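Analysis of the macromolecular model
So you can see what is in the structure, the chains are spelled out below.
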Amino acid sequence: GYFQQLRDRFVIAYKSGNIKEVELIGKQMKTLLKETDELVACHSAFSLRQWIESARDMGINSEEKDYYEINARTLVTVWGDTDQLTDYARRGWSGLISNYYAPRWNMFINEVTDCCIQHRTFDEKAFNDKCYRWGRKFIDLSMKIHYPQSGDGVARARALYRKYFSHREGPLQF
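This write-up is about the structure you can find in this document.

The next point concerns the overall build of the protein. Counting secondary structure elements, the protein contains 7 helices and 0 strands. For the protein, the sequential pattern of α-helices and β-strands runs α-α-α-α-α-α-α. Oriented by its inertia axes, the alpha-carbon framework of the protein measures out at about 55 × 40 × 25 Å. Looking at the 174 residues of the protein, the share that counts as buried comes to 34%. Sequence separation of at least 24 residues holds for 64% of the intrachain contacts in the protein that already meet a minimum separation of 6. As presented, the protein carries roughly 10800 Å² of accessible surface, and 53% of it is formed by carbon and sulfur atoms.

Another aspect to go through is the side chain of Glu69. Along the chain, Glu69 falls in helix α4 (residues 62-75). Only 2.8 Å separates the side chain of Glu69 from the side chain of Arg56, close enough to count as a polar contact. Glu69 has contacts with Ile52, Ala55, Arg56 and Leu141, leaving out every residue within four places of it along the chain.

On to the pattern of salt bridges. Any two side chains of opposite charge can pair if their charged atoms end up close together. In this structure the tally under the stated criterion is 10 salt bridges. The salt bridge involving Lys163 is made with Glu35; its shortest N-O contact spans 2.5 Å. Taken as a pair, Lys163 in helix α7 (residues 153-164) and Glu35 in helix α2 (residues 19-40) lie far apart in primary sequence, 128 residues in all. Looking at Lys163, the relative accessible area reads 40%, which means it is partly exposed. Notably, a salt bridge pairs Arg73 with Glu69, separated by 2.9 Å at the nearest N-O pair.

Where helix α3 (residues 48-57) meets α4, the closest approach of the two axes is 7 Å, and the angle between their N-to-C directions is 145°. Crossing hand, α3 versus α4: right-handed. Here Trp51, Ile52, Ala55, Arg56 and Asp57 of α3 lie close against α4, whose contacting residues are Lys65, Asp66, Tyr68, Glu69, Ala72, Arg73 and Leu75. Taken together, the residues of the contact of α3 with α4 break down into 6 nonpolar, no polar and 6 charged.

Another point: the nonpolar core. By size, the foremost hydrophobic cluster in this structure holds 39 residues, and its most contacted members are Phe10, Leu48, Leu96 and Phe138. Within the residue set of this core, elements represented by two or more residues are α1 (2-16), α2, α3, α5 (96-118), α6 (124-138) and α7. It is α5 that contributes the most residues to this core, 11 residues altogether. Beyond its immediate sequence surroundings of up to four residues, Leu48 is in contact with Val76, Trp93, Ser94, Gly95, Leu96, Phe138, Ile145 and Tyr147.

Attention now goes to the packing of aromatic side chains. Centre-to-centre distance and the angle between the planes together describe a pair of aromatic rings. Enumeration according to the criterion identifies 14 aromatic pairs in this entry. Taken together, a centroid distance of 4.9 Å and an interplanar angle of 75° make the contact between Phe3 and Trp105 edge-to-face. Pair noted here: Phe3 is in helix α1 and Trp105 is in helix α5, with a separation of 102 residues, a long-range link. By relative accessible area, which is 23% here, Trp105 ends up partly exposed.

The terminal C-alpha atoms of α1, which comprises 15 residues, lie 21 Å apart, in line with the 21 Å expected from a rise of 1.5 Å per residue. When we look at burial in α1, the residues that qualify are Tyr2, Phe3, Leu6, Phe10, Ala13 and Tyr14. Considered in projection along α1, the buried side chains sweep an arc of 115° and stay on one side of the axis. Exposed side chains of α1 directed beyond 90 degrees from the buried face belong to Ile12, Lys15 and Ser16.

Moving on, we come to the side chain of Asp37. Its location among the elements puts Asp37 in helix α2. Buried within the structure, Asp37 lacks any salt-bridge partner; Lys34 is the closest side chain of opposite charge, at an N-O distance of 8.3 Å. Beyond its immediate chain neighbours, meaning those up to four positions away, Asp37 contacts Trp93, Ser94, Gly95, Ile97, Ser98 and Pro148.

Rules used throughout
- Residues numbered from 1 in each chain as written.
- Predicted model: local features only at pLDDT ≥ 70, side-chain atom pairs only at ≥ 80, totals over all residues.
- Heavy atoms only, no water.
- Helix = DSSP H or I, 4+ residues; strand = E, 2+ residues; numbered from the N terminus.
- Buried < 20%, exposed > 50% of the residue type's maximum accessible area, 1.4 Å probe, protein only.
- Contact = heavy atoms within 4.5 Å.
- Areas by Shrake-Rupley, 256 points an atom, 1.4 Å probe, with all protein chains shown as cover.
- Polar contact = N/O pair within 3.5 Å; in protein donor to acceptor, adjacent residues only side chain to side chain.
- Salt bridge = Lys/Arg side-chain N within 4 Å of Asp/Glu carboxyl O.
- Axes fitted to C-alpha atoms, helices over the stretch in contact; angles between N-to-C directions.
- Left-handed = near helix turned anticlockwise from the far one by under 90°.
- Nonpolar A, V, L, I, M, F, W, Y, C, P; charged D, E, K, R; others polar.
- Core = buried A, V, L, I, M, F, W, Y, C linked by side-chain atoms within 4.5 Å.
- Phe/Tyr/Trp six-rings, centres within 6.5 Å; stacked < 30°, edge-to-face > 60°.
- Expected span 1.5 Å × (residues − 1).
- Arc of directions from axis to C-beta.
- Lys, Arg positive; Asp, Glu negative; His and termini not counted.

Set out below in structure tokens:
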């Protein structure tokens, strides 16, 4: 989709050392993540909150409720105890985008931007290790989840359509 197009342009800009383009596209990527989270928040079917609350409802006491919430967080993020299946069951849910995916993408964008500015090579292995550690923190109940406000999905979709599609010569390539 469009986010992947931005990501590809971002990588090309980094590889060519175009700092201004890296910063511009990085900002566009961050904005698109925020807008996507706001759009999917308009319907409860796309809600991390619903997933977490359903899991907690399975418990009969606070210990069980916490256990089920940890498992619910784990399933849609890091999946297990190794980095081999991270994002295996990923979902484009409100709350999950803003609390899990966007922070990881922001870390990536910021790290690549810093590398470009400082003329150093992006260390993919070190970054992946950092993301894995961060993902493990996400499943801990001490990391509070903040949910976006729901809204009028049709109005939100129309506004995004006007922003991203109405001024183009043709449809985006998907």
